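# Architecture at a glance
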Amino acid sequence: MSETTPVARLPIELRTEALEQLLIERGLVDPSVMDKFIQTYETSVGPMNGAKVIAKAWTDPEYRARLLAGGTAAIAELGIKGPQGEHIVVVENTPQRHNVIVCTLCSCYPWPVLGLPPSWYKDPAYRARVVRAPRAVLAEMGLELPAETEIVVRDSSSEVRWLVLPERPAGTEDMSEDELAALVTRDAMVGVAKVKTP
Amino acid sequence: MNRIADLGGTEGWGRVKTPTADEPVFAQEWESRAFALALLSMGRISGRNLDAFRHALERLGPDDYFKDGYYGRWLNAAELMLVESAILAPGAVEARTRRLRGEDVAEPAAPEPNKPDYAPTAAGSLRTVDEPPAFAVGEVVRARDTHPTGHTKLSSYLRGHRGVIEMVQPAALLPDTHALFLGENPQHVYTVSFDSRELWGADAEPFEVSAELYESYLEPVS
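Here the structure is a predicted model, which is why all the values come from computation and not from measurement.

### Regarding the environment of glutamine 21 of chain A
Relative to the helices and strands, glutamine 21 of chain A is located in helix α1 (residues 12-25). Taking C-alpha positions, glutamine 21 of chain A is 44 Å from lysine 194 of chain A, a pair spaced 173 residues apart along the chain. In this view, glutamine 21 of chain A contacts Arg96 and Leu100 of chain B; residues no more than four positions away in its chain are not counted.

Here it is in structure tokens:
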């Protein structure tokens, strides 16, 4: 029996360079615009934005109420908005009820508050399994939830984007908003971790 | 048909990756270039029709979807859309790639662009719908047991199952037709909550799954 020899795939790095060259030559892409775009997502758009939102909600009860009633507008009060943040819904995690966010169909993620998604969020194992066995998936990621905590998995299947308001950890009563923001992690705002007491 | 991206509840993927706090935004430099190229090319073709981009992602072969990773599949989908819009000739990227590594191959001539005849009625995906929502918070509904062959946001693991309307979200254009440049068809969108035992059987661990479903994906349960 004869088998065809598999054709080696061209390296993706080189194909990326090739597409970039072709589009620049045609005047369709400006490399300086590309650089600026990349720099924005490497430095200015990331979980530090969401952390500011969470820290404010922890310290300002009226802001917290506005945030839970209408996430997009309350987040925009802090000057945070942009692509993939058209309609953000904020849900609160409590000892009784724990929300965890996924996008099983692609990797939809609230960019303005969390930046671009991390590798585990985009990985097929997370996309496939968290809607099937969330308790086991969270345990593999290092979060063991008590049996009595209800789990709600949010599959982001439209342009609605979800942000988790994590529980404020004990022992942080005297901390300032900035100090609190430094404690808030990306993983806690997706619901695969809790914010830890420092 | 269950499309390549329709992963919810599928088996065989192994353990999830452990998060690390200091993961860089882009693991390698080419990923950042692919990210920017995909988004900027989308603007050149369709004024950022994200649904058309997702539809392109879902039409990639398994190697192009999985083996090149997340930004690799973005690059592959961008190339597919650029070729379909006749902005690039078929094989243009491959020919240039081979030349970049020193092979003496001819490059195809640039074709005459043939972009989709498309203009969004507004920025973004949110729209207004004159009719009131067909379903109310607390109402029991069923996700239709349909098997569309094109783009849809109705995941296969939800089809045919009963859920409860948890929230009414702002109306939005319908990805199923928008992805194919067949019209915006705005609809009401609902966050529908499903019981895990409804989805995965009586032995499943108890939890809830919610998803955003467009009005035409749902039917009343009487």
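### Things to note about the packing of helix α2 (residues 50-58) of chain B against helix α4 (residues 69-84) of chain B
Residue and element names in this part refer to chain B. Their axes nearest at 8 Å, the elements α2 and α4 cross at an angle of 105°. Taken together, α2 and α4 sit at an angle that is classed as roughly perpendicular. Listed contacts from α4 to Ala52, Phe53, Ala56 and Leu57 of α2 are Arg73, Trp74, Ala77, Ala78, Leu80 and Met81. Of the residues contributing to the contact of α2 with α4, the split by class is nine nonpolar, no polar and one charged.

### A few points about the sheet that holds strand β5 (residues 218-220) of chain B
Taken in spatial order, the seven strands of this open sheet run β2(A)-β3(A)-β4(B)-β3(B)-β2(B)-β1(B)-β5(B), and their pairing is mixed. Across the chains shown, the open sheet's two edge strands, defined by having one partner strand only, are β2 (97-102) of chain A together with β5 of chain B. Taking each pair of neighbouring strands and ignoring which way they run, the sheet shows an average axis angle of 35°. The sheet contact formed by strand β3 (residues 187-195) of chain B and strand β4 (residues 208-214) of chain B spans seven bridges and is antiparallel. Following the sheet pairing, threonine 191 of chain B is matched in β4 of chain B by glutamate 212 of chain B.

### Observations regarding the packing of aromatic side chains
Within the structure shown, the criterion is met by 24 aromatic pairs over all chains. When the centroid spacing of 5.6 Å and the interplanar angle of 15° are considered together, the rings of phenylalanine 37 of chain A and phenylalanine 35 of chain B count as stacked. Residue phenylalanine 37 of chain A is found in helix α2 (residues 31-43), and its partner phenylalanine 35 of chain B is found in helix α1 (residues 29-46); the two belong to separate chains. Each member of the pair, phenylalanine 37 of chain A as well as phenylalanine 35 of chain B, carries the same accessibility label: buried. Seen in terms of ring centroids, tryptophan 120 of chain A and tyrosine 126 of chain A are 5.1 Å apart; in terms of plane orientation they differ by 80°. Their pairing is edge-to-face. Here tryptophan 120 of chain A and tyrosine 126 of chain A have matching classes, each one buried. Taken together, Phe37, Tyr41 and Trp111 of chain A together with Phe26, Phe35, Phe53, Tyr70, Tyr71 and Trp74 of chain B form an aromatic cluster joined through their ring pairs. In this structure, lysine 56 of chain A packs its charged tip against the face of tyrosine 63 of chain A, placed 5.3 Å from the ring centre.

### Describing the side chain of lysine 122 of chain A
Looking at where lysine 122 of chain A falls in the secondary structure, it is placed in helix α7 (residues 119-122). For the buried lysine 122 of chain A, which has no salt bridge, the nearest side chain bearing the opposite charge is glutamate 23 of chain B, at an N-O separation of 5.3 Å. Beyond its immediate stretch of four places on either side in the chain, lysine 122 of chain A contacts Ser107, Pro117 and Arg127 of chain A together with Tyr70 and Tyr71 of chain B.

### Examining the pairing of β2 of chain A
Residue and element names in this part refer to chain A. Among the six residues of β2, five are classified as buried, and the element is accordingly described as predominantly covered. With six bridges connecting them, β2 and strand β3 (residues 150-155) associate as parallel partners. Bridging from a neighbouring strand, histidine 98 pairs with isoleucine 151 of β3.

### Points about the domain arrangement of chain A
As a measure of interface size, the accessible area lost when the parts come together is often cited. As assigned here, chain A comprises domain 1 (12-43) and domain 2 (47-190). Computed from C-alpha coordinates alone, the two centres of domain 1 of chain A and domain 2 of chain A are separated by 31 Å.

### Focus: the interface of chain B and chain A
Between chain B and chain A, the residue contacts involve 87 residues of the former and 76 residues of the latter. Each partner contributes to the roughly 7,300 Å² buried at the junction of chain B and chain A, and carbon and sulfur atoms together form 60% of this total. Sorting the residues of chain B by area buried against chain A places Val16, Arg33 and Arg96 of chain B first, and these three jointly supply 9% of that buried surface. Inspection of the chain B/chain A interface yields 11 salt bridges. For aspartate 68 of chain B, the salt bridge goes to arginine 15 of chain A, with nearest N and O atoms at 2.9 Å. Run the count over chain B and chain A and you get 32 residue pairs in polar contact (both at pLDDT 80 or more). For the side of chain B that touches chain A, the elements supplying multiple residues, two or more each, are α1, α2, α3 (62-67), α4, α5 (92-100), β2 (162-172), β3 and β4 of chain B. Here the side of chain B that touches chain A takes 11 residues from α1 of chain B, the largest share from any one element. When grouped by side-chain class, the residues that make up the side of chain B that touches chain A number 42 nonpolar, 19 polar and 26 charged.

### Section: the domain arrangement of chain B
All names here are of chain B. For chain B, the assigned domains read domain 1 (1-114) and domain 2 (140-220). A separation of 27 Å is found between the C-alpha centroids of domain 1 and domain 2. Across the boundary between the two partners, domain 1 contributes 13 residues, which contact 17 residues of domain 2. Across the domain 1/domain 2 interface, buried area totals approximately 1,200 Å², and carbon plus sulfur atoms make up 49% of it. Applying the counting rule to domain 1 against domain 2 returns five residue pairs in polar contact (both at pLDDT 80 or more). The dominant element in the side of domain 1 that touches domain 2, judged by the number of residues it contributes, is α2, at five residues. Grouping the amino acids of the side of domain 1 that touches domain 2 by side-chain chemistry returns two nonpolar, six polar and five charged.

Calculation criteria
Residues numbered from 1 in each chain as written. Chains lettered and ligands numbered in written order. Predicted model: local features only at pLDDT ≥ 70, side-chain atom pairs only at ≥ 80, totals over all residues. Heavy atoms only, no water. Helix = DSSP H or I, 4+ residues; strand = E, 2+ residues; numbered from the N terminus. Contact = heavy atoms within 4.5 Å. Axes fitted to C-alpha atoms, helices over the stretch in contact; angles between N-to-C directions. Parallel < 35°, antiparallel > 145°, perpendicular 65-115°, else oblique. Nonpolar A, V, L, I, M, F, W, Y, C, P; charged D, E, K, R; others polar. Pairing = 2+ DSSP bridges. Phe/Tyr/Trp six-rings, centres within 6.5 Å; stacked < 30°, edge-to-face > 60°. Buried < 20%, exposed > 50% of the residue type's maximum accessible area, 1.4 Å probe, protein only. Lys NZ or Arg CZ within 6 Å of the ring centre and 35° of its normal. Lys, Arg positive; Asp, Glu negative; His and termini not counted. Salt bridge = Lys/Arg side-chain N within 4 Å of Asp/Glu carboxyl O. Domains from an automatic or database assignment. Buried area = accessible area lost by both parts, 1.4 Å probe. Polar contact = N/O pair within 3.5 Å; in protein donor to acceptor, adjacent residues only side chain to side chain.

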